[in-house]
Every structure is written in C-alpha cells, then in structure tokens.
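Listed below, chain by chain, are the residues.
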Number of protein chains: 2
Amino acid sequence: MKIFSQAPTNIAVIKYWGKNPKFEDYHIPTKSSLSFSVLDFYTKTYLDFKPGNGTIFLELNNKKINPNSEEFLYIKNFFEKLSTLIKEIKNYDYSIKTENNFPTAAGFASSASGFAALAVAIAKVFELSEPKIFEKYFNSEQKISSIARLGSGSAARSVPSAGGCVLWSKPKQDLTTQDLNKIFFCSDAKTLFPPNHWEDLRIFYIQLEKKEKKIKSRSGMKQSVSSCPIYSNWVDYEENILLPSIIKAIEKKDFENFAKSTIKASNGLHAIMYYTFPRIRYLTDKSEQIIELVLDINSKSTKLAYSFDAGPNPVLFTLKDYQEEILDALSSVVNKKDIFITKPGAGAFAKVI
Amino acid sequence: MKIFSQAPTNIAVIKYWGKNPKFEDYHIPTKSSLSFSVLDFYTKTYLDFKPGNGTIFLELNNKKINPNSEEFLYIKNFFEKLSTLIKEIKNYDYSIKTENNFPTAAGFASSASGFAALAVAIAKVFELSEPKIFEKYFNSEQKISSIARLGSGSAARSVPSAGGCVLWSKPKQDLTTQDLNKIFFCSDAKTLFPPNHWEDLRIFYIQLEKKEKKIKSRSGMKQSVSSCPIYSNWVDYEENILLPSIIKAIEKKDFENFAKSTIKASNGLHAIMYYTFPRIRYLTDKSEQIIELVLDINSKSTKLAYSFDAGPNPVLFTLKDYQEEILDALSSVVNKKDIFITKPGAGAFAKVI
C-alpha cells in the first residue's frame, strides 16, 4: 500500500540546543522550544510498504541513497530505535521516496520536515495494518510528535497538524527511568496558536550560504551541554523567563516584544555556542551584516526580528505592512533571489494514495 | 616641584567587565581579574605641583587638552572624586604632561597606564609635602592601586611596582557601607608572579584597527550587568573556577592550560557581550580571522592563546621558541608592522626630577 505524507519545516524562536545526556539517543531536550511551522517549505514523502523484515529502500530528491551513506544511516537508525519499543516496525519493508521543495542541508531544517513526514506516514501504516499497535503508540498527534523526535529533535515541532506556533515541551519531570515507553513519550509538541492567529506575520528565509554547515548540530549541542560553563543558567533563563514572555507577545500579537525576545533568544544561543569549548561559531561576516542592518532599522521603529539556527542563514520576522520596505532595505546586502518569503502554515498530514 | 612617573599598560587574561552598581563611580568590580603588566607599552607623566586650589592643566601626547574635552573631564572627575575623601587634594595646583609610547584609545589600555602613572605621581606629591596624609592614604602600593582604580578600573592592575602577573581582587565581603574610606580601599591589585617568573612568555599586540571603539567600556559593561541574563553566573564561574585554574597554570608555567583558560576567558567575555541587550560586538571579521588562525595552529599543538578586550584588536600569548613561527603564520592575515611583541614587565614608579 502506498501513503503520501507532507510536513513543513519549522523555524524556532526559542531554540532547541542540547539533550539530556543520560538519554542521548532519545533526543530529550534540556528545555522547551517554540517554533512556527512554515507554509511554503516542506517535505513530501511517498511510502510504499509491504510485509517483510524491516528492509529499507530510500530515495531522496529523486536520487537513490546508498545504504552506507550518512542519510541512509540516519533513517535506518531511526527505524532501529523505534523497533526497540515497537518491534512490529520490523513486520514491514519500506520503500521511502522523499523530496524537499527547498535546498537540503542549507539551514532550512530539512531533517525536521523529513522525519515529521516519515513519522506521520509510519503512523498511517499502523492505522491501516495493525490497529492495536496504532492504538498503543500512534493514536495522538502528540505521540506521533514524540516518534518524530526520535529521528531529529526539531521534527517533533513539525508534526502537529494545526501547525502555526508550536511548543515542544521538555519532560514534565526529571527522567531516571529504564522504561522505554516513558522515554519515548516524555516530550512532545503541540500547537499553541494556529497559523491564522497572527495573519500579518511574515517570515523571510535568507540564503546567504548554500553549502552545508561545518559542525553538525548533533555534535555541536553535545559540546555545549558538556563544556559551556553557563549552559544550565541559560536553560533556566530561557525556560522560565524568555519562553513565557514570548508566548505572551505572540498571544497579544505584540510585535515589538516578540521581536525583542526573538532577538534575545538568537543572541543567547550564539553566545552559548561561542562560550562552548572549543567554541562554535556559525555566524559569518555576512550574517553579522544582516544583524547590523536589522538593528539599524529597528533603532527607528521595531519592524524586524532575526533568528539564527545552527548555521549562517538568517530568518527574519516582520509584518505584512513592512514587507516591501524590508525587501528594499535587504537588497543592499543580499540578492533578492536569495530571499524566500513565507508565513506560518499548517503541520503534517498523511493519506493513502 | 616636579615628579616623573611611569606606568605600563596591562593585558588581562581574566577580564574586568562590570561594576557593583551600588557604587558605580568607585569602580568596584563584580569579580576579580588577572593581568600581565607589559614591558614595552607605558605612559610617562610629568607632574608639576604647587600650592593652590586644585586647578588642573593637562597636556596629552604634547597637545594641550581643552578643559571641556572628554579627556580633561576624566582627569578632573578623578581629582574631584579623590577630594571627597582626601580633601587635601585641593591644596595644590597640578600641571600634568602625559604621553603614551603607543597609540591612545586603540585597545592598548591607555586609561590603565595613564591613571596608574597619575596615581603614583600623586602619592609622591603627598610623600614629599604632607607626610601625614601620605601615611593615611598612600603608604602602600595596594592603597595607591585603589586610588588608580578610581580613575579607571583596570589602572589598579598597572600600579604594583613588581608588575608581572597581577591579581586585582574584588572586595572580600559585600559592601553596604556609606564609609568612603572603606569604599575607596575595598579592592586593589597586587603582583602574584614577577616578570621573570615566566621568562619565555611573549605577548603579541596586533593592531587590526586604529580607530577608537564604538562603545566605550564604561557604558558597555553597565549594559551587561543590567541586561545579560546570565551575567552573575559568568561572574561565579570566572571567580571560582577559571581564575584559580589559570593562576595554577601560570604558577606551573603550564602553557597548554594557560592557553586554554585564556581562550575560554576571552570567549566568555565576548559571549556575555553578545548576550547583552542590545548586544555588544567588538570583534570584527578580521578578529575572527585571527581566532580561526590561532585555533588552526593549536589544533596540532598548543602554541598560542588569544585574548580580546573591549575592542577588535587581539593580544596573543606564546612562548619564545614559537615566536618566529607565529610571526610567519600571522603574516597571511596581518601586516608585520602592525604586530608589536613584548613580554611581562615591571609596574609603576614615581620619582622627583
């Protein structure tokens, strides 16, 4: 049977950077994060499955992926991990054809949309074939969000079907368990505000660099957790002060405070990276130029927020009314063809085709 | 009578960034700092004094300074501050001719050497003219270090006559006093290791930019104290972990650990600045290039430490044996004429001429 699924990328305003080291493989975040699922950048996945023993065939962006390649191993490890709890995963062979409508591995969070699309597709497999297993492990978006998390942490946020502004919560209590069921489902994401809550919000992706980043997020965040001397203080501040304040700003559609908090969160993340040993610097000279431009524009009136993930490419937030003016201002630093404008959109879905 | 004094600049490896806001004017640091007084960069001051009412004449680098100019007001405020406790300061008129043997206000810490040279000269005034006042306020290097601190915090570290590696300690206990005598003398610097303790240490000043910095340290550090969410955590880490570890490395002449701690301290300072709101960024693209070069060289074997103050110009530490190799490596990024090589040297002195 064949399933089609689709999931958006998401851009976090409160970032995910660091896992509980006791459960490294299970991507349990040290703190909560908050993102927007975006309308125009997504992964489409075609999943063909049949009874089998867990064999995987993978095609990414119309190219067959070699079983020894890194991309293949990511997917394979994900299935292996799932099968430690859900052994029925191995009851099938999977042919996965997946494609992104945006450049892979250039800061557009392709692993987020990719694993979200895969997770909802797998859920559909069991909904169709093994209702008891579905009931046990996949019968809510939050469970599927947890499943996606095991592929790539930030994929958890791309799952909730309403999309929009999504909160991925850290576990409610400290985890010290050996219970795989608890470890799997301790941390998931849900929509706080649907895409139409803030109709005027606009999101600019700016592609300053097209090449892959030097340091993978996975190893980078591990370094930060273990070596940044004030990592845990940053976690406390983000969890207890910055996150509630930005949720409030979004709730009220208070752009000024939203922008301030978003900028603070981005600066904080990159300060933590800078204070990691050895230090991590994702921002390039070009990134800094964009920051200066944003601060310069905002010095008159707050019209922009910037946010940098683990890469050099900025994502800017603005309002519809400022869109043209911002585009003009950006043209001094960046080519218009490298600016992609979108807005909050829906989350993931899967259907039989 | 005429006094000549001389004081070196100093380069901190554990930085001073932030004052106790309750005593803003008195430059009481939130944490201790550690520096090297350097051999080749210093301020020479000629102080002519005669009975009077506190009138000041100021010449800086052979140029008469206008009484309304910023430089003049710095000096005037310093005398005013001193006179709140030591009213005899106003018993004299002062003609101050001062010159730096290095570019002023380009990251060579001219206020440190300048106020240190002035403080030891003023001490000499009272030693010669009013022994009772001298006994009360100037009869130890640590007291004179405190006096220099009131002009510019980091000047405290340029005073101890032995120079070398100098520790400027934060107050031993929390200050809540109104007692000016306590406020003046609560925090001073002393030599931990004289210059000849580590004969092979070399210090490279690299002048990437000659112009003055955009944000003065005074306002920058005030912003950090009030707005960086993890400022106090950084203070705790530096005071309790990093400072003892770097002192130990210097004691043992353990260059590898010295370099690691020095780099951590520099990264930490700039992370705190980056996480200040609005953010402060002193490092330029050129600065980052130097950092990359240092990390690249160290990836084979630790031969360098970098340290950035509140400005773009790096100071590198290395050992005599590596000096030529490092100079060659730097030539790809920076002109040789902009590299100034020195080593730890003595502190301040004053004499009658």
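Here, the structure is the one placed above.
Right, let's walk through the structure included here. (Residues numbered from 1 in each chain as written. Chains lettered and ligands numbered in written order. Predicted model: local features only at pLDDT ≥ 70, side-chain atom pairs only at ≥ 80, totals over all residues. Heavy atoms only, no water.)

1. Thoughts on the packing of aromatic side chains
The test is simple: In summary, the pairing rule links any two rings of Phe, Tyr or Trp, Trp by its six-membered ring, whose centres are within 6.5 Å, and it sorts them by plane angle into stacked for under 30 degrees, edge-to-face for over 60 and tilted for everything else. Helix and strand definitions follow DSSP, with helices as H or I runs of at least four residues and strands as E runs of at least two, each counted in order from the N terminus. Throughout, exposure labels follow a simple rule: accessible area from a 1.4 Å probe, protein chains only, divided by the maximum for the residue type, with under 20% read as buried, over 50% as exposed, and the rest as partly exposed. The rule for a charge over a ring is simple: NZ of Lys or CZ of Arg within 6 Å of the ring centre, and within 35 degrees of the ring normal.
For the structure shown, the criterion picks out 50 aromatic pairs over all chains. Judged by centre distance (5.4 Å) and plane angle (90°), the ring pair of Phe258(B) and Phe317(B) falls under edge-to-face. A residue pair is termed long-range when its members are at least 10 positions apart, and Phe258(B) in helix H8 (residues 255-274) and Phe317(B) in strand E10 (residues 314-319) qualify at 59 residues. Each member of the pair Phe258(B) and Phe317(B) is classed as buried. Every member of this aromatic cluster is reached through a ring pair, and the members are Phe49(A), Phe78(A), Phe79(A), Tyr92(A), Tyr94(A), Phe115(A), Phe126(A) and Phe138(A). The side chain of Arg218(B) reaches across the aromatic face of Tyr74(B), ending 4.4 Å from its centre. Against the face of Phe277(A) rests Lys264(B), its NZ or CZ located 4.9 Å from the ring centre.

2. A word on the relation of the copies chain B and chain A
Note the following rule: To superpose the copies, least squares is applied to the C-alpha atoms of every residue with a pLDDT of at least 70 in both. Residue contacts are defined here by distance: any two heavy atoms, one from each residue, within 4.5 Å place the two residues in contact.
With an RMSD of 0.0 Å, the operation that places chain B on chain A is a rotation of 180° combined with a shift of 0.0 Å along the axis. Seen this way, the second copy is the image of the first under a two-fold rotation axis. Across chain B, the rotation axis passes nearest the C-alpha of Ala271(B), at a separation of 2.2 Å. In this assembly the copies share their binding face: 100% of the residues contributing to the interface of chain B also contribute to that of chain A.

3. Brief notes about the pattern of salt bridges
Under the convention used in this document: Note on definitions: salt bridges are taken to be side-chain nitrogens of Lys or Arg within 4 Å of carboxyl oxygens of Asp or Glu.
Evaluation of the coordinates by the stated rule reveals 31 salt bridges over all chains. Between Lys124(B) and Glu127(B) there is a salt bridge, with the nearest N and O atoms lying 3.3 Å from each other. Of the two residues, Lys124(B) and Glu127(B) both sit in helix H2 (residues 110-129), three residues apart, roughly one turn of that helix. Using a relative accessible area of 17% as the deciding quantity, one classes Lys124(B) as buried. Salt bridges sharing partners connect three or more residues here, namely Arg279(A), Arg281(A), Asp285(A), Glu288(B) and Glu292(B).

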